[in-house]
Amino acid sequence: MRYGARSQALTGRQLAARAAVLGLVGGALWLALARMEYRWDWSVVWDYRAQFAAGLELTLLLSLGGMAIGMALGAVGCLLRVSQRDAVRFVALLYVELVRGTPLLVQLLIAYYCVAPRLGYDQPRIIGMAALGVFAGAYVAEILRAGLESIERGQTEAALALGLSRWQALRLVVGPQALRRVIPPLTGQFVSLVKDSSLLSIIAIAELTKRAELLQASSLRVFEAYLTLAALYLAITFPLSRLAARLERRFTPGD
Amino acid sequence: MTEAAPAAQGAGAGAGAAPPLVALRGVSKRFGEVVAVDRAHLEIRRGEKLVVIGPSGSGKSTLIRLINGLEVADEGEVELLGQRIHAHHEPPPSLRAECGMVFQHFHLFPHLRVLDNLTLAPRHVRRLPRAEAEARARELLARVGLAGKAAAWPAELSGGEKQRVAIARALAMQPQIMLFDEPTSALDPEMVGEVLEVMRELAQGGMTMVVVTHEMGFARAVADRVVFMDAGRIVCSGPPAAMFDRPPHPRLQAFLARILSAR
């Protein structure tokens, strides 16, 4: 909030320019659609609203659950990553590199078709949420590590010199300072996870994207189904990424 | 008596049966190819005020950071309050707690108010109840002239105030020795005096102090013994009058001439 005012107020010129851009983009889209002579029928979307709501709920649930698992795995991964022992650091490095080096889609396929059947497990939602969590955990681990490392070494030294143990120095001095700095990137990570959760549709989870596909298949209303889908994702991600940007402004300047 | 490192050891031994509070025995520290401290021998008696001087990069900071284990020795042995710490070993936290340290750049905890900066270690290391820790912290703040700043954030303080809080924070642990690593070097000139004044009072109270500084006036007035370092070695040491008025070593003479002409 202290730093909020800086980039908030737009000048009249900037507002006018932005309105012009929106008008141009909207007009171009409108023209393109008009030329197709497409007959809109939004009633199918309205009739389908309960399914969209259920899909939205599941998408949020899976993303939140995945993020929670990701935070736990990320915290552990980060602690391993800053360990004094090389072998321990290597375990964390392996996890981070394997997960970040492969597409989420491939990880989901492996989780659903290779891992889950061997475990005799047939709960796609749980598998999907766990896979999202493992995926997010690798990124969260790196965000947390960067947060810890952004705190100058003098803070740890001052804590140690006072007689605090390394764990106390982390818990009482470095951790709390790092936490404030990682809130914006963690919010950003959650926004990504919400979008990435759309991939869960391929393993038969009836989240938002899957619902839109079903509507499209049954009604053959491609535009209505998928434009609504995009709008619903935006409805979640846009406020969150604005929040992340706000937090970033608030926390970054030399704090 | 002011000849070389072993002579410094002799000063401690001559004081009688009391064991030294700190002893460095043949301690070396390397950073890659650079030998920051080269086979240093030093003994510090209880109540002694030691000032370490020397050109920048001569290993002064590393020397005092070896005392509380912020740097771990590659060779030799550090003895702290009767406990021996071998090369490649860190002292246990309980031993560090007896050893207050003040840094050039303060390193106050920016997420804690001034009072909480002072009470953090007493509460979590000494297990003092909050009320008792706070009462003692307020006393210390008054002693460094900052009684009104208990509720302030570190970011709201001037450099001189920050350093006085840092001194109070170290004293809150009731250490047996205080280490000062260039405590006034990062301060605007007009704030140096207030910090030196607090240190002078501390010295008068009988605290054992090791001070790395470029403040020759302070060294002359407060030090029992001045140690001159150059290129990682303790070149010579002795009482300030002898060291400053009749420099026993040509390199000390050259160093003093340089800083005097800089003034």
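Since this is a predicted model, take the numbers as computed values, not measurements.

**Regarding the domain arrangement of chain A**
Annotation of chain A at the domain level lists domain 1 (1-37) and domain 2 (42-250). Here the C-alpha centre of domain 2 of chain A lies 30 Å away from the C-alpha centre of domain 1 of chain A.

**Thoughts on the pattern of salt bridges**
Per the counting criterion, the structure on display carries 26 salt bridges over all chains. Put simply, Arg 81 of chain A and Glu 142 of chain A hold a salt bridge, and the shortest N to O gap is 3.1 Å. Of this pair, Arg 81 of chain A sits in helix α4 (residues 49-81) while Glu 142 of chain A is found in helix α7 (residues 124-149), placing the two residues 61 residues apart along the sequence. The same class applies to Arg 81 of chain A and to Glu 142 of chain A, which are both buried. Between Asp 230 of chain B and Arg 251 of chain B there is a salt bridge; the shortest N-O distance is 3.2 Å. Here Asp 230 of chain B, found in strand β9 (residues 225-230), pairs with Arg 251 of chain B, found in helix α10 (residues 250-262); they are 21 residues apart in sequence, far enough to count as distant. Owing to a relative accessible area of 38%, Arg 251 of chain B belongs among the partly exposed residues under this scheme.

**Side note on the sheet that holds strand β5 (residues 83-86) of chain B**
Residue and element names in this part refer to chain B. Taken in spatial order, the 4 strands of this open sheet run β2-β1-β4-β5, and their pairing is antiparallel. Either end of the sheet is taken by a strand with one partner, and the two such strands are β2 (34-44) and β5. Going across the sheet, the axis of each strand differs from the next one's by a mean of 25°, ignoring polarity. Note: strand β4 (residues 75-80) against β5, 4 bridges, orientation antiparallel. Within β5, the residue paired with Glu 77 across the bridge is His 86.

Rules used throughout
- Residues numbered from 1 in each chain as written.
- Chains lettered and ligands numbered in written order.
- Predicted model: local features only at pLDDT ≥ 70, side-chain atom pairs only at ≥ 80, totals over all residues.
- Heavy atoms only, no water.
- Domains from an automatic or database assignment.
- Salt bridge = Lys/Arg side-chain N within 4 Å of Asp/Glu carboxyl O.
- Helix = DSSP H or I, 4+ residues; strand = E, 2+ residues; numbered from the N terminus.
- Buried < 20%, exposed > 50% of the residue type's maximum accessible area, 1.4 Å probe, protein only.
- Pairing = 2+ DSSP bridges.
- Axes fitted to C-alpha atoms, helices over the stretch in contact; angles between N-to-C directions.

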